[in-house]
There are 2 protein chains.
Amino acid sequence: MAKSADIYYKIHPWKIIEEGFRKEYAMVSESVFSLGNEYMGTRGNFEEGYSGDSLTGNYFNGIYEAADLEKSSYKGMIDKTEFIVNSANWLYTRIQADNEIVDLYTCKFKDYVRILDLKKGILTRSYIWVLENGKEIKLEFERFLSMKDAEIAAQKITLTPLNFSGDIILYSGIDFGLIHHMTGKNMWNIAGSTADNDSISMLGDTISTDQSVLVSCRFQVDCREWSDIEEEKKLVRRFVLSGEQGKSIEFIKIIRNLTRKDIKEEEKENFKTKWGKNQEVLHSLSYQKLREDTINWWKRTWQDSDIVIEGDGLNQQGIRFCIFQMHQTYHGADKGTIIGAKGLTGEAYSGNTFWDTEAYCLPFYIFNNTEAARHLLEFRYLTLEEAMERAKTLDCKGAFYPIATITGRECCSLWQHASLQLQASTAVAYGFWHYENITEDEEFIFENGLSILIEVSRMLASRGDWNKDRTRYGFYGVMGPDEFQMMVNNNCYTNYLGKKTIEYTLSVLKRYSNKNPDGYEKIIKKHCLLAEEIEEFHNIAKHMYIPYQEETGIFEQHEGYFNLPHVDIDKIPIEEFPLYHHWTYDRIYRNDMLKQPDVLMMMLLYNSDFTKEQLKSNYEYYEPRCIHESSLSPSVHSILASQLQKEEEAYKFFGFATRMDLDNYNRNTGEGLHTTSIAAAWMNIVYGFGGMRSDGKLLSFAPSLPKEWEGYAFKIHFKGDILRFKVDKENIKISSKAGLGIQILVYGKPYILGQDEINIPVIL
Amino acid sequence: MAKSADIYYKIHPWKIIEEGFRKEYAMVSESVFSLGNEYMGTRGNFEEGYSGDSLTGNYFNGIYEAADLEKSSYKGMIDKTEFIVNSANWLYTRIQADNEIVDLYTCKFKDYVRILDLKKGILTRSYIWVLENGKEIKLEFERFLSMKDAEIAAQKITLTPLNFSGDIILYSGIDFGLIHHMTGKNMWNIAGSTADNDSISMLGDTISTDQSVLVSCRFQVDCREWSDIEEEKKLVRRFVLSGEQGKSIEFIKIIRNLTRKDIKEEEKENFKTKWGKNQEVLHSLSYQKLREDTINWWKRTWQDSDIVIEGDGLNQQGIRFCIFQMHQTYHGADKGTIIGAKGLTGEAYSGNTFWDTEAYCLPFYIFNNTEAARHLLEFRYLTLEEAMERAKTLDCKGAFYPIATITGRECCSLWQHASLQLQASTAVAYGFWHYENITEDEEFIFENGLSILIEVSRMLASRGDWNKDRTRYGFYGVMGPDEFQMMVNNNCYTNYLGKKTIEYTLSVLKRYSNKNPDGYEKIIKKHCLLAEEIEEFHNIAKHMYIPYQEETGIFEQHEGYFNLPHVDIDKIPIEEFPLYHHWTYDRIYRNDMLKQPDVLMMMLLYNSDFTKEQLKSNYEYYEPRCIHESSLSPSVHSILASQLQKEEEAYKFFGFATRMDLDNYNRNTGEGLHTTSIAAAWMNIVYGFGGMRSDGKLLSFAPSLPKEWEGYAFKIHFKGDILRFKVDKENIKISSKAGLGIQILVYGKPYILGQDEINIPVIL
């Protein structure tokens, strides 16, 4: 792994601190200091403007634009793609004194400090602006997004003239004129704007997808005079503030952002008339109250979600940053929202969501916020129709879930990925299965999962093939999780997940027919599911071919993989990374090198299906062939290394899991945070060092303690209770918040979690 | 094969005759009535204008334009492509009488007939134009391209007012304003034009590639008055002709087209000043003399190239059409010219040349026009540098020949083909080997072939891989000739051709070092060829893995092919063809279906390496899996079926070989002729029914006679002699033009061809 840490922020258990501003970190910091509340996200931009490298980014979950692609003469290629749009900058600010406008890229300043308080969800920044003429103004910025009412955000600016008295001009407004980074275009038409004594509003419509964003702001400030300036796609209020030496002027802006996706014409009219109501709502809000509510929201959240690491300040800070980002990105407030690959912190990967959602993010929510987990799965239910459309395009029956999507439609323009990767579909089924296994929420599966399971199984039964004598079923022409094997037959992961998906479908069908024969009849009818089809599901699951070498216990990644030429990855010169940029495209695909876990991913997801000996053989075979070019790869290896008591390796692979973005390991944090890797960091601690396994009948744990740590503690939401684990060099202390008497396994032995704390000696 | 004949033209042994004009055949006829002389080509457009479906096409060999492609973030993808441009319409004509302009799409006409005289190379057309007012004018058109001086073309129009006397206006000129079909753009800037009493000139430059075409025309006509009209990119002379009832007016236009590719600035000035000289040249030419010269050229050509089929008028006409097209497209006049997939008859496949040149076209030239064969190979020598550049881009050493090209640079934008198909490179080596095997022209190989062989072998030694214990060498991640297996390992054809290429390289190196040690040292030095490298060539050739099943004698098309799901191609509904349009792209790649011969292609090229039993097993295994979606496929199967005495199958696959375009089998003849299929039709008769094999030490024959025929005869240029074969229901008569005593094999027995005709009973 050709990566190295670049430690820039101060270490603190609860805060990300930037002391002194370095321009080369401007964009990385914009990502790191992003705020989000699932509904919207705003990058840590300097609201007062900054003329250096910057991506002023403001995003709404599910607000997207579309682009037509060159039409392919081949069938199954997409001809349209969708991507998140950069919307209005509702924090737009400029500060002027003596004809100078503050700009940290060009002006003089001192005592710069920026702090993201993870405990409270508040971002603050302050510095002293030194004007050309020697005048000094202390500027303090505070902002947060309401976690209670997701449409609300708030900003406070405190201006203190330190060595003079005189006017300071403050501009504050709404700017829809931002450029979408990838296309270099602005994506908004302005449908109208209003202004009154203390507030302004602007309504923007996306250019081609006909979605709307209405931004309204209310200002609170003591000013001598104000006036409005309306430019193209921008509405700004100019405040003249009478500065008095040593006295602070407080400027407050409360923002309400309304969005409508897939809005109908008549609704749009209503939407416009809401301006008035909007103002009313804004007037009812108090900055202090909003701030307290948000701090309280985070307080409650941390109480039940925190991970403590003792003796390792870097990872302590890192893991809290990760947990903070997970809650910011998604907490299940809305069923239609998604987790983009960069959350709401940038435009890379087009704001699309991937199978990472079910494979990497869902466990976090299952064990921290069950409702959020359910809503994530419901997104797939809501987009079943699109997946069925996509299956048709690909000459399949049933539902083929997209590799990359915002609305449920496939957005990945690389056919190799979009047409050959079945893991989005099987991950959806896995997600439902995993959710049910933990929550036992059978009703949800019957109502939301079963339709999906039937249609995904149907797809699997049409996409695969029988071998010539019908003794083996398998998938041909697929790309498994390891994207360095582009188009292979009988990929072990794909076949295994296919088998598990169909088996789970059959199990749910059977249970439903027992428990609710009427409901069962209805759904069978709705999906025109014939008895022969169910029979074929049984056949396929039974005869699914899983390439496996009996002598060695090694699963073959795909048919023929063992015959591929070997590449000694340690001999690849470091300057050839990332390989996609330095090796010709097809060369990457012609050997036994892996980009990311494939067989090992299967062995993590269905861990209890395999013996430890099998895991050991496969780990020791595949890990040395893997270059971990995917940011998700190291955590999976770390978790399995822990299971195999390979402590050093486990800790090595954990290495940058929690701090990938804080330390800009991949040199691309400036484009946005690696949100799904952040989820893997959580898994890395709970599944890795905590040794949790959630695929068996009982939740099981096998904690170990990295020798670099004094101890660690984590919490798990489980069946209405919260289980608390505290591991130190001697003991594992396990307690339950509600004491519901939940049974778990620790090191393979059963324990009941009642009122009393359980104390088990740790196996180091 | 979902194809059917659509017989539209009259059957005639030497002519293509269109009696009566049907609009739906307009574009097909434009292709069929194309004229070409290697240097330039002109479609059979109605020169007087036609407002219906039409592609007015005039092409020069090697005059191309370029387009930038979207830059890929992956390495090895091309970012620029080159394509043939539609140049000036130098036949531009309009005919007007009483304010009506003739246009066969809209006007009334009768007695229409168009004839392409294959024996003479002359295209004529005539009809009676009936004006709205009842006036009738007989119009007769004649045109030809000079086969003696390729820059010259000539046109004659005879106008006869049948039932009136009065003015007829004739416009004749040069039109650079044509649209390139694929891009929808005109590709020409006009650099200047001149006109004098009886001639006009216009110089056009391609927009981005800075190539030039200078068109000059001289007119001969009795006219009352004339004037010039210059419009954008068009210069036209208007002639007022005094028509007299029953009297014919003859209008003659002699055209000289000069082109300069890759022209330098200073040369360009000279080029412009050539206008004057151009006029001089034009004045020295006589229509009648040009016509005679061309007819004589064709007379000589037919003497030594004709194929006679007795008792089958359709195929007699068809095969002569094919031979005519081969000579039109290419006869080795220039070393830098190529054979585009559509010759010079259309813009499909961008005018690019493919590996079809060496695999399908070269045999025709080797046995009809040795110099042309040599020039075809020299094109690869002239573009070795580009192939070496391409190899570098693909992380290979040596030379990687392009899949599709005009200038030697890769033009194929589908990476699956451009990066994975090695058969362009091995076909070049095969071409040199085949040429040497027949001509014994060792000098040419030493001078032009060896450099290529070294660099192609080098590429093969870097592109392939050893297996883990270094017992097998092979190519991974390739697409063999069968394009329905997109990316496979150890494709039998690719490995075998790789082995043969390296073996041939080693043989040439050895012979050269014996015969010319100094020259050998020089070339070794020039290519920095080390002894270890030669050693590695030996190793690779020796250990090349050829997938083969001993029990059945079947070569496996690639590693794992035998395990692919089976598709019963007879059960694919006819409306699903062509599959590329009806099946999702990846679905085509997931089974054992073949698009075209792969293992069988190998067995044709190196026929004597395999036993008849092997051929039989492989033919019977692979043919039923092949859908023949490539137009080159049926002839290969027909040739091998003949060898296996499968007469009915041989004749079935021969079915449309000679008439693919005349009968518009693929429904796309309108886009241009299938030039390389035309070459395969010649092979189909000579290698198929004639049973010729040219890969052994002696040229061998095993003639058979399809029961549908009375007899057939063909000629072979061989070692300075011309061998004549005449096969009827009883005998094979073989004679030699020069009686040089050449030894051949017939049915495996040796014969010496002296002055006397040999008579051998035919084996039916």
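Residues numbered from 1 in each chain as written. Chains lettered and ligands numbered in written order. Predicted model: local features only at pLDDT ≥ 70, side-chain atom pairs only at ≥ 80, totals over all residues. Heavy atoms only, no water.

1. Observations concerning the overall build of chain A
And then number 1: Summing up its helical and strand segments, chain A has 19 helices and 31 strands in all.
And then number 2: Relative to a compact globule of 764 residues, whose C-alpha radius of gyration would be 27 Å, chain A shows 27 Å and is just as compact.
And then number 3: By principal-axis analysis of the C-alpha atoms, chain A measures approximately 90 × 60 × 55 Å.
And then number 4: Of the contacts made within chain A by residues no fewer than 6 positions apart, 67% connect residues no fewer than 24 positions apart.
And then number 5: Counting every atom, chain A has about 27300 Å² of accessible surface; 47% of that belongs to carbon and sulfur. (Helix = DSSP H or I, 4+ residues; strand = E, 2+ residues; numbered from the N terminus. Rg over C-alpha atoms; globule rule 2.2 N^0.38 Å. Contact = heavy atoms within 4.5 Å. Areas by Shrake-Rupley, 256 points an atom, 1.4 Å probe, with all protein chains shown as cover.)

2. Considerations on the UniProt feature "domain: Glycoside hydrolase family 65 central catalytic" (unreviewed entry) in chain A
And then number 1: Mapped onto the present numbering, the UniProt feature "domain: Glycoside hydrolase family 65 central catalytic" (unreviewed entry) falls on residues 320–683 of chain A.
And then number 2: The span residues 320–683 of chain A is 51% helical and 2% strand by assignment, and the distance between its end C-alpha atoms comes to 13 Å. (UniProt positions renumbered as here; feature names shortened; annotations may be inferred.)

3. Here we look at the sheet that holds strand β26 (residues 711–718) of chain B
The strands making up a sheet are joined through hydrogen bonds of the backbone, oriented either antiparallel or parallel.
All names here are of chain B.
And then number 1: Ordered by their spatial adjacency, 5 strands build an open sheet running β20-β26-β27-β28-β31, and the pairing between neighbours is antiparallel. At either margin of the open sheet sits one strand with a lone partner, and together these are β20 (308–310) and β31 (758–761). Taken over all neighbouring pairs, the strand axes of this sheet differ in orientation by 15° on average, direction set aside.
And then number 2: Of the pairings in the sheet, the one linking β26 to strand β27 (residues 721–728) comprises 8 bridges and is antiparallel in character. Residue pairing in the sheet places Lys715 in a bridge with Arg724 of β27.
And then number 3: In the packing of helix α19 (residues 675–689) onto the sheet, contacts are made with β20 and β26, and the angle to β26 comes to roughly 95°. (Pairing = 2+ DSSP bridges. Axes fitted to C-alpha atoms, helices over the stretch in contact; angles between N-to-C directions.)

4. Re the domain arrangement of chain A
Residues and elements named next belong to chain A.
And then number 1: Assigned domains of chain A: these are domain 1 (33–301) and domain 2 (369–558).
And then number 2: A C-alpha centroid distance of 43 Å is found between domain 1 and domain 2.
And then number 3: Counting from both sides, the interface comprises 12 residues of domain 1 and, opposite them, 14 residues of domain 2.
And then number 4: Across the interface of domain 1 and domain 2, roughly 940 Å² is buried in total on both sides, 58% from carbon and sulfur atoms.
And then number 5: The three residues of domain 1 that bury the most area against domain 2 are Gly76, Ile78 and Glu82, which together make up 51% of that side's buried surface.
And then number 6: At the junction of domain 1 and domain 2, the tally comes to 2 salt bridges.
And then number 7: The closest approach of N and O atoms between Lys75 and Asp395, which form a salt bridge, is 2.3 Å.
And then number 8: If you look at where domain 1 meets domain 2, you find 6 residue pairs in polar contact (both at pLDDT 80 or more).
And then number 9: Examining the composition of the side of domain 1 that touches domain 2, we find that 5 residues originate from one element, strand β6 (residues 80–84), more than from any other. (Domains from an automatic or database assignment. Buried area = accessible area lost by both parts, 1.4 Å probe. Salt bridge = Lys/Arg side-chain N within 4 Å of Asp/Glu carboxyl O. Polar contact = N/O pair within 3.5 Å; in protein donor to acceptor, adjacent residues only side chain to side chain.)

5. Focus: the packing of helix α18 (residues 647–654) of chain A against helix α19 (residues 675–689) of chain A
Residues and elements named next belong to chain A.
And then number 1: Contact pair α18 / α19: the axes reach a minimum separation of 11 Å and the direction vectors enclose 170°. One way to sum up the angle between α18 and α19 is to call them roughly antiparallel. The chirality of how α18 crosses α19 is left-handed. Between α18 and α19, the contacting residues are Ala650, Tyr651, Phe653 and Phe654 on the first element and Asn684, Ile685 and Phe689 on the second.
And then number 2: Across the contact of α18 with α19, the residue classes break down as 6 nonpolar, 1 polar and no charged. (Parallel < 35°, antiparallel > 145°, perpendicular 65-115°, else oblique. Left-handed = near helix turned anticlockwise from the far one by under 90°. Nonpolar A, V, L, I, M, F, W, Y, C, P; charged D, E, K, R; others polar.)

6. A look at the relation of the copies chain B and chain A
And then number 1: With an RMSD of 0.1 Å, the fit of chain B onto chain A corresponds to turning through 180° and sliding 0.1 Å along the axis. Here the symmetry operator amounts to a two-fold rotation axis.
And then number 2: Most of the interface of chain B is mirrored in chain A: 100% of its interface residues are interface residues there too. (Least-squares fit on C-alpha atoms with pLDDT ≥ 70 in both.)

7. A closer look at the side chain of Ser212(B)
Residues and elements named next belong to chain B.
And then number 1: Note that Ser212 resides in strand β16 (residues 212–220).
And then number 2: Here Ser212 falls in the buried class, since its relative accessible area comes to 0%.
And then number 3: Engagement of the side chain of Ser212 in a polar contact is seen with the side chain of Asp205, the distance being 2.8 Å. (Buried < 20%, exposed > 50% of the residue type's maximum accessible area, 1.4 Å probe, protein only.)

8. Notes on the environment of Phe562(A)
And then number 1: By secondary structure assignment, the location of Phe562(A) is in the loop between β24 (554–555) and α14 (579–582).
And then number 2: Residue classification places Phe562(A) among the buried positions, given a relative accessible area of 17%.
And then number 3: A C-alpha to C-alpha distance of 34 Å links Phe562(A) and Ile454(A), two positions 108 residues apart in sequence.
And then number 4: Those residues in contact with Phe562(A) that lie beyond four places of it in its chain are Gln549(A), Ile554(A), Phe555(A), Glu556(A), Tyr621(A), Tyr622(A) and Lys468(B).

9. A closer look at the interface of chain B and chain A
And then number 1: The interface of chain B with chain A comprises 41 residues on the first partner and 41 residues on the second.
And then number 2: Summed over both partners, the interface of chain B with chain A buries about 3400 Å², with 57% contributed by carbon and sulfur atoms.
And then number 3: On the chain B side of the interface with chain A, the three residues burying the most area are Tyr74(B), Lys468(B) and Arg590(B), jointly 20% of the side's total.
And then number 4: Here chain B and chain A share 4 salt bridges between them.
And then number 5: A salt bridge links Arg463(B) to Asp586(A); the nearest nitrogen and oxygen atoms lie 3.3 Å apart.
And then number 6: Scanning the region where chain B abuts chain A turns up 16 residue pairs in polar contact (both at pLDDT 80 or more).
And then number 7: When residues of the side of chain B that touches chain A are traced back to their parent elements, those giving at least two are α8 (415–418), β21 (465–466) and α14 (579–582) of chain B.
And then number 8: Ranked by residue count, the leading element in the side of chain B that touches chain A is α14(B), at 3 residues.
And then number 9: Its residues assigned to classes, the side of chain B that touches chain A comprises 19 nonpolar, 12 polar and 10 charged.

10. Quick look at the sheet that holds strand β25 (residues 700–701) of chain B
Residue and element names in this part refer to chain B.
And then number 1: Read from one edge of the open sheet, 3 strands run β25-β29-β30, paired in mixed fashion. Where the open sheet ends on each side, the last strands, each with one partner, are β25 and β30 (749–753).
And then number 2: Here 5 bridges tie strand β29 (residues 742–746) to β30, and the two strands are oriented antiparallel to one another. If you follow Gln743 over to β30, its bridge partner there is Ile752.

11. Some points on α18(A)
Along an α-helix, a turn takes 3.6 residues, which lines up residues three or four apart on a common side.
Residues and elements named next belong to chain A.
And then number 1: Listed as buried for α18 are Ala650, Tyr651, Phe653 and Phe654. Seen end-on, α18 carries its buried residues on one side only, within an arc spanning 165°.
And then number 2: Where the residues of α18 are buried, they touch α4 (313–329), α16 (612–622), α17 (633–643) and α19. (Arc of directions from axis to C-beta.)

12. Some words on the packing of aromatic side chains
And then number 1: Going through the model one piece at a time under the given rule, you end up with 128 aromatic pairs over all chains.
And then number 2: Residues Tyr561(A) and Phe562(A) carry aromatic rings whose centres are separated by 6.3 Å and whose planes lie at 65° to one another, so their mutual orientation is edge-to-face. Both residues of the pair, Tyr561(A) and Phe562(A), belong to the buried class.
And then number 3: One aromatic cluster in this structure is built from Phe21(A), Phe46(A), Tyr50(A), Tyr105(A), Phe109(A), Tyr112(A), Tyr127(A) and Phe141(A).
And then number 4: If you follow Lys23(B) out to its NZ or CZ, it ends over the ring of Tyr105(B), 4.9 Å from the centre.
And then number 5: Over the face of the ring belonging to Trp583(B) we find Arg587(B), whose NZ or CZ atom lies 3.7 Å from the ring centre. (Phe/Tyr/Trp six-rings, centres within 6.5 Å; stacked < 30°, edge-to-face > 60°. Lys NZ or Arg CZ within 6 Å of the ring centre and 35° of its normal.)

13. A short note on the UniProt feature "domain: Glycoside hydrolase family 65 C-terminal" (unreviewed entry) in chain A
And then number 1: Residues given the UniProt feature "domain: Glycoside hydrolase family 65 C-terminal" (unreviewed entry) here are residues 692–753 of chain A.
And then number 2: Helix makes up 0% of residues 692–753 of chain A and strand 56%, and the two end C-alpha atoms of the span are 16 Å apart.

14. Quick word on the nonpolar core
And then number 1: Of all hydrophobic cores here, the largest spans 213 residues; its most connected members are Ile95(B), Trp129(B), Tyr365(B), Phe367(B), Trp682(B), Ile716(B) and Ile744(B).
And then number 2: Those residues in contact with Trp682(B) that sit more than four places away from it in its chain are Ile307(B), Ile319(B), Ile323(B), Pro363(B), Phe364(B), Phe367(B), Asn368(B), Tyr687(B), Met692(B) and Ile716(B).
And then number 3: Counting residues in hydrophobic clusters, the runner-up holds 212 residues, among them Trp129(A), Leu139(A), Val456(A) and Phe689(A). (Core = buried A, V, L, I, M, F, W, Y, C linked by side-chain atoms within 4.5 Å.)

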